[in-house]
Amino acid sequence: MSILLTSIIGLPFAGALAVAMIPRNNRLIIRSVALLVTMVSMLLATYLFSEFQSGVLGYQFVHEIAWIPSLGINYAVGVDGISVGIILMGAIVAFAATCLSHEITEREKEYYFLLLMMIGGILGAFASLDLFFFFAFHEFALIPTFIMIGVWGRGENKNYAAFNITIYLTIGALLALFGLIALSVQAGANSFDIRVITAAIKAKPLTGAVQAWIFPLLLFGFGILVSLWPFHSWAPLGYSAAPTATAMLHAGVLKKFGLYGLIRIAIPLMPIGSQAWMQVIAVLCLGNILFCGFVAMRQRDLNLLIGNSSVAHMGFIFLGIASLTTLGVTGAVVIIIAHGLLAALSFGISGHIYHQTKTLDMDQMGGFLKPMPFVGAAMVMAMMAGCGLPGFANFVGESMTLFAAWKVFPVVTSLAVWGGLVIGAVYMLRAIRSVLHGPVSPMGERMIDAVSFWRKLPFALLLIGLLVFGVWPRLITDKVNPCVEEIIAMATFGQPTAKVVPPPVKGKQRPPSRKRPAARP
Amino acid sequence: MNASLLILEYAVVGLALAILLLDLWVPASCKAKLGHLAAFTLTGILLASFAMHPETAHYAFKQSYVLDGLSLFFKRFFILAAILVLLISVEFADRMPTGISEYYALILFALTGMMLAASASDFAMVFVSLELITVTFYILTSFQRNRTRSLESGVKYLILGALSSAFMVYGIALIFGAAGTMKFTAILASSAALATKPLFLLGLLLTFSGLAFKVAAFPFQIWAPDVYQGAPVPSTAFLAVGSKAAGFVLLLRVLMGTVPNITAQWAPLLMLVAGVTILYGNLCAIPQRNLKRLLGYSSIGNAGYLLLGLAASNQAGAGAILYYLSGYLFSVLAAFAVISVVSRQTDDEDISIVSGLHKRSPLLAAALALGFISLAGIPPLAGFFGKFLLLKSIIPNVGQPGVALLLGTALFGIAVSFYYYLGVVRAIYWGKNNSDLPPIAVPVPVRLVLYVCIAGMLYLGCFPNSPLGTATRAVLALKP
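Residues numbered from 1 in each chain as written. Chains lettered and ligands numbered in written order. Predicted model: local features only at pLDDT ≥ 70, side-chain atom pairs only at ≥ 80, totals over all residues.

A. Just the overall build of chain B, in detail. Helix and strand content of chain B: 21 helices and 2 strands. Along the three orthogonal principal directions, the C-alpha set of chain B runs to about 70 × 55 × 40 Å. The proportion of buried residues among the 480 residues of chain B is 60%. In chain B, the proportion of contacts linking residues at least 24 apart, taken out of those at least 6 apart, comes to 80%. (Helix = DSSP H or I, 4+ residues; strand = E, 2+ residues; numbered from the N terminus. Buried ≥ 20, exposed ≤ 12 C-beta atoms within 10 Å, placed from the backbone. Contact = placed C-beta atoms within 7 Å.)

B. Region of the structure containing the overall build of chain A. Looking only at helices and strands, one finds 19 helices and 2 strands in chain A. The C-alpha radius of gyration of chain A comes to 22 Å, within 12% of the 24 Å expected for a compact globule of 521 residues. Overall, chain A is about 65 × 55 × 45 Å in size when its C-alpha atoms are taken along their principal axes. Across the 521 residues of chain A, 63% fall into the buried class. (Rg over C-alpha atoms; globule rule 2.2 N^0.38 Å.)

C. How the structure looks around the nonpolar core. Formed by 412 residues in total, the largest nonpolar core has its most connected members in I87 of chain A together with L108, L333, A334 and L368 of chain B. Among the elements that line this core, the one with the most residues is helix α15 (residues 315–346) of chain B, at 20 residues. Aside from chain neighbours lying at most four places away, what touches L333 of chain B is L84, A237, V241, V449 and C453 of chain B. (Core = buried A, V, L, I, M, F, W, Y, C linked by C-beta atoms within 7 Å.)

D. How the structure looks around the interface of chain A and chain B. Taken together, the 24 residues of chain A in the interface contact 23 residues of chain B. Of all the secondary-structure elements, those providing two or more residues to the side of chain A that touches chain B are β1 (60–68), α5 (131–152) and α6 (158–187) of chain A. In terms of residue count, the dominant contributor to the side of chain A that touches chain B is α6 of chain A (12 residues).

E. Quick peek at the packing of helix α4 (residues 100–118) of chain B against helix α11 (residues 233–258) of chain B. Residues and elements named next belong to chain B. Packing of α4 against α11 brings their axes to within 9 Å, and their N-to-C directions diverge by 20°. Judged by the angle between their axes, α4 and α11 are roughly parallel. Crossing geometry of α4 relative to α11 is assigned as left-handed. When α4 is examined against α11, the residues I107, A110, M114, A117 and A118 are found in contact with a partner set consisting of F238, G242, A246, V249 and L250. Class assignment of the residues belonging to the contact of α4 with α11 gives a composition of 9 nonpolar, 1 polar and no charged. (Axes fitted to C-alpha atoms, helices over the stretch in contact; angles between N-to-C directions. Parallel < 35°, antiparallel > 145°, perpendicular 65-115°, else oblique. Left-handed = near helix turned anticlockwise from the far one by under 90°. Nonpolar A, V, L, I, M, F, W, Y, C, P; charged D, E, K, R; others polar.)

F. Inspection of the environment of A376 of chain B at higher detail. All names here are of chain B. With respect to the helices and strands, the residue A376 is situated in helix α17 (residues 362–376). Sequence-wise, A376 and L20 are 356 residues apart; in three dimensions their C-alpha atoms are separated by 40 Å. Not counting chain neighbours up to four residues away, the residues in contact with A376 comprise G383, S417, F418, Y421 and L422.

G. Layout of the pairing of strand β2 (residues 73–79) of chain A. Residues and elements named next belong to chain A. Of all 7 residues in β2, 6 are buried; the element is thus mostly enclosed. Bridge analysis of β1 against β2 gives 6 bridges, and the strand direction is antiparallel. Following the sheet pairing, Q60 is matched in β2 by V79. The hairpin turn running from β1 into β2, its antiparallel successor, is 4 residues long, and G72 in that turn takes a positive phi close to 70°. (Pairing = 2+ DSSP bridges.)

H. Here's a closer look at the environment of G252 of chain A. Locating G252 of chain A in the fold gives a position in helix α10 (residues 244–254). Filtering out sequence-adjacent residues up to four positions away, G252 of chain A remains in contact with V93, G340, A343 and A344 of chain A.

So this is what it looks like as structure tokens:
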């Protein structure tokens, strides 16, 4: 029993309550409370990450409180190698998002209340070991998203975007909820605890017929939440209308909920279902990578470009999951973390620009690197990370998924490589050219860089995260790998040889992220 | 013969008569305050009811009245609803033309009918208690005599209510003809033989139709939006909560407690009714601009969700119905209390009256938003947990034909309902006009209602363990 995780989740909620108590004129105090709780939460998450014991199977830092024993629903949080990194990433993004909320100048009390509620919901979703809380925390974060886009959002069609994102995500979440309830009922354990359900299914696997209808529910339910093509249209629209912090949190962290659910629940517990559907995922993920890549290429609005590229990046994660190999799924988890930092960084930068220009039309920009050396440099690095430059964590994850998927889906992988490297490079580099380079546009002359420490800190933190995990991926992979190995062992238990190839222990071309100690010099 | 079991009903009837008598001596300016007295006394009755612990079923009047866990649960439910509605009606009193004391008394008579319905164990009792509810509601809905809309809604309710009563009484006659008795216990004992008699089945179907009218289920839902819109706010609130719950307690008693074997055969019918009701309520709510009318359609949609629990035809489903109704009570009464206060200045119930409400009164804004968010079913509010329980009760039946389709329909309905519920939330927090109107002062009793409702929504959503235990124990009474 350790209340560490509960405090990481509970601090934002406590902060939200505190904000609700403070009179609305004390703007500085409200903002300080929000910053303080998210910062402490982030430090605790860092401590959690450093104290986490790699290579130990099972959940650590477990904390349980009985809630509804008769239904087998209890508050239970804990982390394993997969979620510990995501929680650290989420806490960093949460702090960065709170820092960058200085752009909000009206109705701050409500804003910080909702922001902290949303952060608490997000962190809780990833820490929950109980399917009910897992789902409820995610749903809980949805209403703040809706109100924040509506009240503090941008542009003419923010109402449309707010409803679009909320209803779309609700449909996905409800599909997933049906699947989760059905899973719990079919497992016959009268419990919603992931550990109990996993044990019950290990002892008595679900029949193929049951898996055949539960798996698609979870796949498409979670898929909608992660903007799996063709259910992605809510994402670019919603993000371009959302205030900076909401877009950072949603695109960076909350969206990964669906992927986490797939990796944690759908794949290991329903091996027959997952093997049957992986071909479909592999084809759909091409839709993300190629289709959304092309769409991103056409965008002249910086936020729509980032939003579409973020959807495109989800394709690599799906590809890694579809390979059903340890290497591929580990790569997928690395991208989840890397992309969380990257998406937050990109939306943070575009927010910094929008705050001053009130437009994100790239045709009117140009030469911003000169007035804004710091933010400009951060943007160059973000864009480079986005096209998969070695040194950033995205490269590690993407190469791992591609190496893994090559053995299973060679055609898809070759198209994905082309899509990821060429298309990605085209729109990212074009964005750098039209925003940062060239003669300084009239708009650029008035631009102000992030000057003070507090303004620079969020960008710096996110970049440091990307670089640290990029040059030293073992920090993550050593933790992730044993857990993924177990998941893959469960997922391939049914037909271990049919389509699934075990991860190559030795290969000619090796990503710099080999996580096996034997493979390191 | 054990007439002392009816002590709670006696108390409520006595209170109603006392209010009518007091009306003769109380000066006109203070008559509105009688509502506080009534609410206060009812609170006492509610607290006193916790002294009763019926471990087993106790019968009175030759087994036509039963006091068990289920009936006591619903009695408390109805008393609580009546307390909150009385407090709302005190706020509403100055908009009634005359006779506010009679209005309070009628609420109490309707409450008596509901409490008797909760204890009905005989079809004659079912009919009498339902008529007591319905007839008082004819008056309650048309109480604003000076408003055409109110009169119109009363007449509509009268005509359709009379029709449904006719269905019901005809059905009861057939049941009596086929079974030779109207007692639930006797029918339960011979239900296997009765299940093959077409006359009995027809009678049961007609009775079901009459009850479907009460809960506003398809195809007997047509009255709900008009009556909700036209009736005075407190009447609508009581109609939405009390009358619907009375319908459901009788549905539970009849379908699950008396003829469980026939109900199991009728699962396709119940699922069809549930599915169409969900679709009708939610789809028709989309274009509504009048808040009360919107809640009318939403109440149809909610009747559909509640029927899911009945279609599941298991104990978990029955418990889920009780839980969902409790959450519905707090959510809907919060909404009506706010509407009652806000519509005071504008004499209108269009959605635009709540736009910018957060600037005029943060409490009203929060209560209304929470009510609608709870109705939409978002954690950590009561509505979410209720929906979760309802879905959980029916998902094990997914192998049966049609259940998957019904679940798909429910999902569609919930997604649609997000649109119109959140549309109200949008109006409250970032609606365009009205934000320059003066702040609204919330009277203390209404404030109390709102606090109770908010606390109830949060309690049922965040700490479901003990209320769920209560609901589960209450439906044990239905176990044959």
